[in-house]
Amino acid sequence: MRYCRFQFNQSAHYGLVESVSGVDHITRIFLQSPHLSDGDLEGLPSRRIDRIPFADASLLAPVEPSKIVCVGRNYREHAAELGHEVPAEPLIFMKPPSALLSPGGTILRPKISERTDYEGELGVLISRRCRHLRDDEDVHPYILGYTCVNDFTARDLQNKDGQWTRAKGFDTFCPVGPLVADGLDPWAGIPVETRVNGDVRQSGNTRDFIFALDVVLRYISRVMTLNPGDLIATGTPKGVGPVVAGDVVEISIPGIGQLPNPVADES
Ligand code: MG
């Protein structure tokens, strides 16, 4: 099942995305947030609408998380390219929900940063309250679905500050979308690709995670309660690099789609 969030009749709605004659359309709107479904998307009340071609929809970020928890250095080759050791346990940090940006929205480079980098990542949506997951507990019931995340970063400020709140937290530094899909298997491997102006810059696969998704979720759940709708960014593969005003960054994951965002300088 796939769903998006979009502007419809002057307000934001979650919509079911279905293929009609091979073309994706929004066919229904949900009458409740999917994040209140306890993972049962099929049972969520919905209303049929005149179908809208997905490509024509005014998309919003398909998430409204209470928090965004990110994993740093979760791919060996990415840790190496930044000159870091492979961490002994998951390295987590947060981005504020105020950094969220819609598919197609403009990423604004702040004046105080000289270097801003894309980081294409698999995003994981939490389906139900999650606290102190046991080692023998299956994590699948806690996962609502998957999406694309661009963990946009002011690299110079990240290196300067020692902790990452500022470097990762600017408004527009968390593009997410274009939709949330279930049925993907990060343990088996999901390709994550980043293009800048059409050129492939990152081509990773979640099978190369240093810490598998169940390890990551357990680790986070022992620190903080994860709420339905919370978003986990699972780390970026090698190939990070800078973008400047006028560039377009696009993260893509098969089964989810493309997350394009133009880049501009803050005025
Ligand atoms: Mg990252």
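Attention in this report is confined to the structure presented alongside it. (Residues numbered from 1 in each chain as written. Predicted model: local features only at pLDDT ≥ 70, side-chain atom pairs only at ≥ 80, totals over all residues. Heavy atoms only, no water.)

Bringing the overall build of the protein chain into the picture now. Within the protein chain, the regular secondary structure consists of four helices and 20 strands. Computed over its C-alpha atoms, the radius of gyration of the protein chain comes to 18 Å, within 12% of the 18 Å expected for a compact globule of 267 residues. Principal axes of the C-alpha set define a box for the protein chain whose edges measure 50 × 50 × 30 Å. Per-residue burial over the protein chain gives 54% buried out of 267 residues. Taking the contacts inside the protein chain whose residues are at least 6 apart along the sequence as the reference set, 72% of them involve residues at least 24 apart. Counting only carbon and sulfur atoms, one obtains 47% of the accessible surface of the protein chain, whose full area is about 11500 Å². (Helix = DSSP H or I, 4+ residues; strand = E, 2+ residues; numbered from the N terminus. Rg over C-alpha atoms; globule rule 2.2 N^0.38 Å. Buried < 20%, exposed > 50% of the residue type's maximum accessible area, 1.4 Å probe, protein only. Contact = heavy atoms within 4.5 Å. Areas by Shrake-Rupley, 256 points an atom, 1.4 Å probe, with all protein chains shown as cover.)

This part takes up the sheet that holds strand E18 (residues 241-242). Spatially, three strands are ordered E13-E10-E18 in an open sheet, and the strand pairing comes out antiparallel. Of all the strands in the sheet, just strand E13 (153-154) and E18 have a single pairing partner and so form its edges. (Pairing = 2+ DSSP bridges.)

Time to look at the coordination of the magnesium ion. The protein atoms that coordinate the magnesium ion are Glu 119 (OE), Glu 121 (OE) and Asp 151 (OD), at distances spanning 2.0 to 2.1 Å. In terms of primary sequence, the donors binding the magnesium ion are separated according to E-x1-E-x29-D. A residue pair is termed long-range when its members are at least 10 positions apart, and Glu 119 in the loop between strand E10 (116-118) and strand E11 (120-126) and Asp 151 in the loop between strand E12 (143-150) and E13 qualify at 32 residues. Considered together, Glu 119 and Asp 151 belong to a single accessibility category, that of buried residues. (Donors = N, O, S within 2.8 Å, 3.2 Å for Na, K, Ca; no water.)

With mixed pairing, five strands are arranged side by side in an open sheet as E9-E20-E19-E15-E16. Each edge of the open sheet is held by one strand with a lone partner, namely strand E9 (107-109) and strand E16 (199-205). This sheet shows a mean twist of 20° between the axes of neighbouring strands, independent of strand direction. Here strand E15 (residues 191-196) pairs with strand E19 (residues 248-253) via four bridges, running antiparallel. Bridge pairing links Glu 193 to Ser 252 in E19. (Axes fitted to C-alpha atoms, helices over the stretch in contact; angles between N-to-C directions.)

A few words now on the side chain of Glu 137. Relative to the helices and strands, Glu 137 resides in the loop between E11 and E12. Of the residues examined, Glu 137 reaches a relative accessible area of 19% and is grouped as buried. Here Tyr 142 takes part through its side chain, which lies 2.8 Å from a polar atom of the side chain of Glu 137. Those residues within four positions of Glu 137 in sequence are excluded, and the remaining contacts are His 132, Tyr 142 and Arg 218. (Polar contact = N/O pair within 3.5 Å; in protein donor to acceptor, adjacent residues only side chain to side chain.)

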